[in-house]
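# Tertiary structure, described
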Amino acid sequence: LGSDKPLVKLSYPRNVTSIEISRESDSLYNKVTGLGSGIGDERIQTTKEDINSKARYRIQEAKKLYNSVVLQTTLEENTQGFLDISTEPLVIPSLKTTALGLNLAEVFVGDSITVQVENTGYNDDVNLLLRIYELSVSVDENFNQDVAVKFYNPNTGGGVEEDA
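Thresholds applied
- Residues numbered from 1 in each chain as written.
- Predicted model: local features only at pLDDT ≥ 70, side-chain atom pairs only at ≥ 80, totals over all residues.
- Heavy atoms only, no water.
- Phe/Tyr/Trp six-rings, centres within 6.5 Å; stacked < 30°, edge-to-face > 60°.
- Lys NZ or Arg CZ within 6 Å of the ring centre and 35° of its normal.
- Pairing = 2+ DSSP bridges.
- Helix = DSSP H or I, 4+ residues; strand = E, 2+ residues; numbered from the N terminus.
- Axes fitted to C-alpha atoms, helices over the stretch in contact; angles between N-to-C directions.
- Contact = heavy atoms within 4.5 Å.
- Salt bridge = Lys/Arg side-chain N within 4 Å of Asp/Glu carboxyl O.
- Expected span 1.5 Å × (residues − 1).
- Buried < 20%, exposed > 50% of the residue type's maximum accessible area, 1.4 Å probe, protein only.
- Arc of directions from axis to C-beta.

## Considerations on the packing of aromatic side chains
- Evaluation of the coordinates by the stated rule reveals 1 aromatic pair.
- Above the face of the phenylalanine 82 ring, lysine 64 is positioned so that its terminal group lies 4.6 Å from the ring centre.

## Here we look at the sheet that holds strand β3 (residues 31–35)
- Strand order across the open sheet formed by 3 strands is β4-β3-β5, with mixed pairing between neighbours. Only two strands of the sheet have a single partner each, and these edge strands are β4 (45–49) and β5 (61–65). Averaged over all pairs of adjacent strands, the angle between their axes in this sheet comes to 20°, without regard to strand direction.
- Taken together, the 5 bridges between β3 and β4 define a ladder with antiparallel strand orientation. Considered in β4, the bridge of threonine 33 is made with threonine 47.
- Packing of helix α2 (residues 72–84) onto the sheet brings it into contact with β3, β4 and β5, and relative to β4 it is tilted by some 30°.

## A short note on the pattern of salt bridges
- The tally for this structure, following the rule as stated, stands at 4 salt bridges.
- Residue lysine 54 is joined to glutamate 49 by a salt bridge in which the shortest nitrogen-to-oxygen separation is 2.2 Å.
- Notably, a salt bridge pairs glutamate 88 with arginine 56, separated by 2.2 Å at the nearest N-O pair. Pair noted here: glutamate 88 is in the loop between α2 and β6 (90–96) and arginine 56 is in helix α1 (residues 51–57), with a separation of 32 residues, a long-range link.

## Focus: α2
- For α2, which comprises 13 residues, the first-to-last C-alpha distance of 18 Å matches the rise-based estimate of 18 Å (1.5 Å per residue) to within 8%.
- When α2 is considered as a whole, its buried residues turn out to be Leu75, Thr79, Phe82 and Leu83. The arc that holds the buried residues of α2, viewed along the axis, is 100°, so those residues lie on one side. When the buried face of α2 is taken as reference, the exposed residues oriented beyond 90 degrees from it are Thr73, Glu77 and Asp84.

## Describing unusual backbone geometry
- Phi at arginine 58 takes a positive value of approximately 65°, unusual for a residue other than glycine.
- Inspection of the secondary structure assignment puts arginine 58 in the loop between α1 and β5.
- Here arginine 58 falls in the exposed class, since its relative accessible area comes to 68%.
- For phenylalanine 143, which is not a glycine, the phi torsion comes out positive at approximately 65°.
- Mapping phenylalanine 143 onto the fold places it in the loop between β8 (127–139) and β9 (145–153).
- On the accessibility criterion, phenylalanine 143 (70% relative accessible area) is exposed.

Shown next as structure tokens:
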């Protein structure tokens, strides 16, 4: 469902009238202990860490239960996979634009488009390909259109709500 359209961009300040960027650390972890099958001394476990993330954000620990995992290598892969998507804060831009800023004839639910902020060193991490999971259009009494877009970030598995 949908296709990647990296050339379709919501870009501040070009076709975005205002932007708010939040960085959420609720799911930031840089030391993860994976617990597999077994009880007591027979339980398999592993710990994975990201040294660079620990230096930037201090130690943020999580324990993940993988009760059905019986092989040590599988447990290590699962734990590393969780760590890989958890070492940085979740960047969520909230954008506002008019219908002219987003061509609704070429963008559909399920498509992925680029969201970026230009010409600022602080927001260089806002250059994301986000998947659209909901589009709605509102029209005011002067026939001005506002587009509300809800995004899903496939890299973090998180739903992202944005007003475009």
